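Next come the chains, spelled out residue by residue.
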Amino acid sequence: LHNLRRIRQIIPSMSNDPSINNMMHQSDPEHVNFTLLPFHGEHKRAISSVAFAPGEISSKKSTYGPALACSASADGTAKLWALTQDHLTSRTNESSTTKNSYSLPVMGNFIGHSRGINDVVWNSTGSYIATASDDKTARLWDVETHIPLIEFSGHTNFVFSVKFNPQSNLIVTGSFDETVKLWDVRTGECVSTLPAHSDPVTSVDFNRDGTLIASGSYDGLIRVWDTATGECLKTMYAEGNPPVSFLRFSPNGKFLLSNTLDSRLRMWQLVGDLSSIHGRGTKNKFNKGPGGAGSKHDSGGKCLKCYGNDVSGETHSNTKFCAFSSFYVPEGQRRQCIVTGSEDGKVYIYNLQTKAVKQVLSGHADAVLAVAAHDKLPLLASGGMSMDKTVRFWADTSKPFEIGASKQ
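**Student:** Tell me what's going on with the confidence of the model for the protein chain, and back it up with residues and numbers.
**Tutor:** In this model, the protein chain carries a mean pLDDT of 83, and residues with pLDDT of at least 70 account for 76%. Of the regions scoring below 50 in pLDDT, residues 1–29 engages in 93 contacts with residues more than four places distant in sequence or in other chains. Taken together, the stretch residues 275–299 has pLDDT below 50 and engages in 53 contacts with residues farther than four places along the chain or on a different chain.

Written as structure tokens, this is what we have:
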């Protein structure tokens, strides 16, 4: 893991704009009570990323079970983990401990990268995964056969982030070479290259319909791009310009969540600011920083909420590494939270609306960078760094666990 840059001090300037309260329809999540499940996955080195397969896809794969996860590691491999119906329905309301945890069998090994893997993602059908590696490539893999299908070559430094578009015909990569590249999944060809930032690109994401790409960088900037034209539609940055370590579009596509290396999460508003979404944004594709061309007229993204700035309470720590975050918004449930990793070895769960810490999960022996929330089931996954090397799974026991479509 090469994302070790220190940060400058930041004085957050936040807004409590009520418009974000409509994001998920409800204003206050119900109680959450995650407990550690009595099994785990293992790697030989630090866990860099973990991701659940799309819920409706996992439930149809009877050979695997209702939940399927993939983890990536600095050991250069990705591994497939199946959480069967027995795993999930046999759990109790009593917390497990790491001492009585047993190792899950590996359902698939994805071996081919020559250096550590930084990111792993699923496509929308659950048939493929993509990985981003320090060997300067991204790869496409068949989930069933575990065979690498395509190598995406063209970056000149570590590939740090990768995402599929919703249609799964494109992937976007972000690299330490300061560029964002768009690739054709069928041919492996680079469709376009954006000289996006003036420092390493740490995170990229597509919005819900694939028309926008967001990128974040150590230069402190968040940029939103038109996928079709490559035009930069919006540039956003927090006061003090702290390095951006991760970002993700909200499920409804109207907001953007960012992690920065000042131990803060921020929610940015996109709807309204992106009136230029269909090609009427800044024409400058080479804007390099807050003081660069276009920075005054295209940097109006509104920060609505900041998480982790309550000095009187327990909050996550993130000043050195690139930690992931995830929206926890299970289908049909009012629990709406943000889950994030922390350098103190814990997982923090924030109330989406009130910004309060709902729960702190302890189960790792080192910093936690990798976290993921299942999109259908009340499940979380987390991965620990070099002194830990495990993938842990957590279930929300505050309500009955319903497998639903996965029942045979």
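**Student:** Tell me about the sheet that holds strand 9 (residues 137–142), residues and numbers included.
**Tutor:** The four strands lie next to each other as 7-8-9-10, forming an open sheet whose pairing is antiparallel. Here the strands that pair on one side only, and so sit at the sheet edges, are strand 7 (117–122) and strand 10 (148–153). Averaged over all neighbouring strand pairs, the angle between strand axes comes to 20°, with direction disregarded. Where strand 8 (residues 128–133) and strand 9 come together, five bridges link them in antiparallel fashion. The residue bridging Ala-130 from the neighbouring strand is Leu-140, located in strand 9.

**Student:** Please provide a residue-by-residue account of unusual backbone geometry, values included.
**Tutor:** Phi at Ser-168 is positive, roughly 65°, even though this residue is not glycine. Secondary-structure assignment places Ser-168 in the loop between strand 11 (159–164) and strand 12 (170–175). Notably, Lys-389 is not glycine yet its phi reads approximately 65°, a positive angle. Counting through the fold element by element, Lys-389 comes out in the loop between strand 28 (379–384) and strand 29 (390–396).

**Student:** Mind laying out the nonpolar core, listing which residues take part and the relevant values?
**Tutor:** With 19 residues, the main nonpolar core has Leu-37, Phe-52, Leu-83, Leu-88, Leu-379 and Phe-393 as its most contacted residues. Only strand 1 (34–42), strand 2 (47–52), strand 3 (67–73), strand 4 (77–83), strand 27 (368–373), strand 28 and strand 29 provide two or more residues apiece to this core. Formed by 16 residues, the second largest nonpolar core is a distinct cluster that contains Tyr-328, Cys-337, Leu-361 and Trp-394.

**Student:** How would you sum up the packing of aromatic side chains? Please name residues and give values.
**Tutor:** For any pair of aromatic rings, geometry is given as the distance between the ring centres together with the angle between the planes. Scanning the entire structure with this criterion turns up 11 aromatic pairs. On the numbers, 5.9 Å between centres and 65° between planes, the contact of Tyr-307 with Tyr-350 is edge-to-face. Of this pair, Tyr-307 sits in strand 22 (residues 302–307) while Tyr-350 sits in strand 25 (residues 346–351), placing them 43 residues apart in sequence. What links up through ring pairs into an aromatic cluster is the set Phe-39, Phe-52, Tyr-102 and Phe-393.

**Student:** Residues and numbers for the sheet that holds strand 12, please.
**Tutor:** Taken in spatial order, the four strands line up as 11-12-13-14 in an open sheet, and their pairing is antiparallel. Single-partner strands in this sheet number two, and they are strand 11 and strand 14 (190–194). If you compare each strand with its neighbour and ignore which way they point, the axes differ by 20° on average. Examined bridge by bridge, strand 11 and strand 12 share five bridges and lie antiparallel to one another. Residue Ser-161 lies in a different strand from strand 12, and its bridge partner there is Gly-174.

**Student:** Report on the pairing of strand 28, specifying residues and quantitative values.
**Tutor:** Counting buried positions along strand 28 gives six out of six residues, so the element sits mostly inside the fold. Here strand 28 shows a buried face lined by Leu-379, Ala-381 and Gly-383 and a second buried face lined by Leu-380, Ser-382 and Gly-384. In this sheet, strand 28 lies alongside strand 27 in antiparallel orientation, the contact comprising five bridges. From the neighbouring strand, Ala-370 faces strand 28, where its bridge partner is Gly-383. Between strand 28 and the antiparallel strand that follows it, strand 29, lie five residues; Lys-389 among them carries a positive phi value of about 65°.

Each value, and the rule that gives it
- Position labels on residues start from 1 in each chain and follow its written sequence.
- With pLDDT at 70 or above as the cut-off, local features in this predicted model cover only qualifying residues; side-chain atom pairs require 80 or more to be listed or tallied, and sums for whole chains, interfaces and linings still use all residues.
- Hydrogens and waters are ignored; side-chain quantities use all the structure's heavy atoms.
- Values of pLDDT, which run from 0 to 100, indicate the predictor's confidence residue by residue.
- Whether two residues are in contact is decided by their heavy atoms, any of which lying within 4.5 Å being enough.
- Here, strands pair whenever DSSP counts at least two bridges between them.
- In DSSP terms, a helix is any run of H or I states spanning at least four residues, a strand is any run of E spanning at least two, and both are numbered starting from the N terminus.
- Simply put, an axis is a line fit to the C-alpha atoms, just over the touching stretch for a helix, and the angle between two N-to-C directions goes from 0 to 180 degrees.
- Within this scheme, the nonpolar core is defined by two criteria: the residues are buried Ala, Val, Leu, Ile, Met, Phe, Trp, Tyr or Cys, and they are joined through side-chain atoms within 4.5 Å.
- Exposure is judged per residue with a 1.4 Å probe applied to protein chains only, and the accessible area is read against the type maximum: over 50% gives exposed, under 20% gives buried, and values in between give partly exposed.
- Stacked, tilted and edge-to-face pairs are distinguished by plane angle, under 30 degrees for stacked and over 60 for edge-to-face with tilted covering the rest, among Phe, Tyr and Trp rings (Trp via its six-membered ring) whose centres lie within 6.5 Å.

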